[in-house]
Amino acid sequence: MRDTLNVKRRLAVAGLTTICVLAGAIPAAAQTGGSGPPGGTTTTTTTPTTAPVGPPGRGKVRKDGTAVAPADAPPAIQQAIAAGNAIHTYPYRWGGGHRTFYDSGYDCSGAVSYVLHAAGLLSSPMPSGPLASSWGSPGKGRWITVYANASHAYMVVAGMRFDTSAVGERLNQGSGPRWRKTKRKPAGYTAKFYPGY
């Protein structure tokens, strides 16, 4: 009887030990992707700790003047492009978009402010001078770059220019906030970006 109890205790301890070993092995296998069949190679799955680097996808301006976000655009960039689309037919109005983000017309910095706000990158409208001096960080962003000076502001979102000025275009798409199909020389402007974008 005593031998039977000792055998049962040993089996219980061995069972608990096996469970503990397996409990520790399962998370480790999950982290490394597990292992293949006996004699096979071990597969390893890694989780990146930072966002992938490299050029982002480029958006596209449609014939109707709206823009399409690239498939790899983060949600904030998709929201920025949707905001530009929402006001892309509004007229130019000096001071438009400065008292409130929602207006019947927009000037250059009012339009840029509207788009930045929709992306969650600006809490209140800013004139072009402060966009150049106190918004964001100096340099070009991966997804959004604001170009501003004391008298004008425009932005490039996913490779597309959003600007109230038709500078550089053969066909005038009208004044007011528009997705422009041409690039604009940034000479005389301060390039700013929001960290992470």
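Quick look at the structure, then. Note that the structure is a prediction, hence the values are computed from the model and not measured.

**Details of the pattern of salt bridges**
Going through the model one piece at a time under the given rule, you end up with three salt bridges. One salt bridge in this structure joins Asp 163 and Arg 161, with 2.6 Å as the shortest N-O distance. Residues Asp 163 and Arg 161 agree in their burial class; the two are buried. Residue Arg 184 is joined to Asp 163 by a salt bridge in which the shortest nitrogen-to-oxygen separation is 2.8 Å. Residue Arg 184 is found in the loop between strand E7 (178-180) and strand E8 (190-193), and its partner Asp 163 is found in strand E6 (residues 160-163); the two are separated by 21 residues along the sequence. Like Asp 163, Arg 184 is buried.

**Digging into the sheet that holds E6**
Read across the sheet, six strands follow the order E3-E8-E4-E5-E6-E7 without closing on themselves; strand pairing throughout is antiparallel. Looking at strand neighbours, the two that pair on one side only are strand E3 (137-138) and E7, the edges of this open sheet. In this structure, strand E5 (residues 153-157) lies alongside E6, joined through three bridges in antiparallel fashion. Bridging from a neighbouring strand, Val 156 pairs with Arg 161 of E6. Across the face of the sheet, helix H3 (residues 108-118) comes into contact with strand E4 (144-148), E5 and E6 while running at roughly 35 degrees to E5.

**Looking at the packing of helix H2 (residues 75-86) against H3**
In contact at an axis separation of 7 Å, H2 and H3 are set at 140 degrees when each is read in the N-to-C sense. It follows that H2 is oblique to H3 by the angle criterion. In this structure, the crossing between H2 and H3 has a hand that is right-handed. Here H2 contributes Gln 79, Ala 80, Ala 83, Gly 84 and Ala 86 to the contact with H3, which in turn contributes Tyr 114, Val 115 and Ala 118. For the contact of H2 with H3, the residue count by class is six nonpolar, two polar and no charged.

**So, the packing of aromatic side chains**
As enumerated under the stated definition, the model contains eight aromatic pairs in all. Ring centres 6.2 Å apart and planes at 35 degrees place the aromatic pair Trp 135 and Tyr 194 in the tilted group. Taken as a pair, Trp 135 in the loop between helix H4 (128-133) and E3 and Tyr 194 in the segment after E8 lie far apart in primary sequence, 59 residues in all. For the ring pair Phe 162 and Trp 179, a centre distance of 4.8 Å and an interplane angle of 55 degrees mean the geometry is tilted. Of the two residues, Phe 162 is situated in strand E6 and Trp 179 in strand E7; the sequence distance between them amounts to 17 residues. Accessibility classification places Phe 162 together with Trp 179 in one group, the buried group. Here the aromatic residues Tyr 90, Tyr 102, Tyr 106 and Tyr 114 are joined through ring pairs into a cluster of three or more.

**Some points on H2**
For H2, with twelve residues, the first-to-last C-alpha span of 16 Å sits near the 16 Å given by 1.5 Å per residue. Within the span of H2, buried status applies to Ala 76, Ile 77, Ala 80, Ile 81, Ala 83, Gly 84 and Asn 85. Here the buried face of H2 lies against strand E2 (67-68), H3, E4, E5, E6 and E7.

Reading the values: the criteria
- Per chain, residues are indexed from 1 in the order of the written sequence.
- Residues qualify for local features only when their pLDDT is at least 70, as the model is predicted, and side-chain atom pairs are given and counted only at 80 or more; totals for whole chains, interfaces and linings, by contrast, use all residues.
- Working from all heavy atoms in the structure, the side-chain values ignore hydrogens and water.
- Salt bridge, as used here, is a side-chain nitrogen of Lys or Arg placed within 4 Å of a carboxyl oxygen of Asp or Glu.
- Note on classification: 1.4 Å probe, protein chains only; a residue is buried when its accessible area is under 20% of the maximum for its type, exposed when over 50%, partly exposed between these limits.
- What counts as a helix is a DSSP run of H or I of at least four residues, what counts as a strand is a run of E of at least two, and both are numbered from the N terminus.
- Following DSSP output, two strands are said to pair if at least two bridges run between them.
- Contacts are assigned to residue pairs that have any heavy atoms within 4.5 Å of one another.
- Between the N-to-C directions of two axes lies an angle of 0 to 180 degrees, each axis being a line fitted to C-alpha atoms and, for a helix, fitted only over the stretch in contact.
- Relative orientations are named as follows: roughly parallel for angles under 35 degrees, roughly antiparallel for angles over 145 degrees, roughly perpendicular for angles from 65 to 115 degrees, and oblique for any other angle.
- Definitions for this section: a left-handed crossing has its near helix turned counterclockwise from the far helix by less than a right angle. A right-handed crossing has that turn clockwise.
- Under the scheme applied here, ten amino acids are nonpolar (Ala, Val, Leu, Ile, Met, Phe, Trp, Tyr, Cys and Pro), four are charged (Asp, Glu, Lys and Arg), and all others, including Gly, are polar.
- Each aromatic pair joins two rings of Phe, Tyr and Trp (for Trp, the six-membered one) with centres within 6.5 Å, and gets the label stacked for planes under 30 degrees apart, edge-to-face for over 60, and tilted for any other angle.
- By definition here, a helix of n residues has an expected span of 1.5 Å times n minus one.

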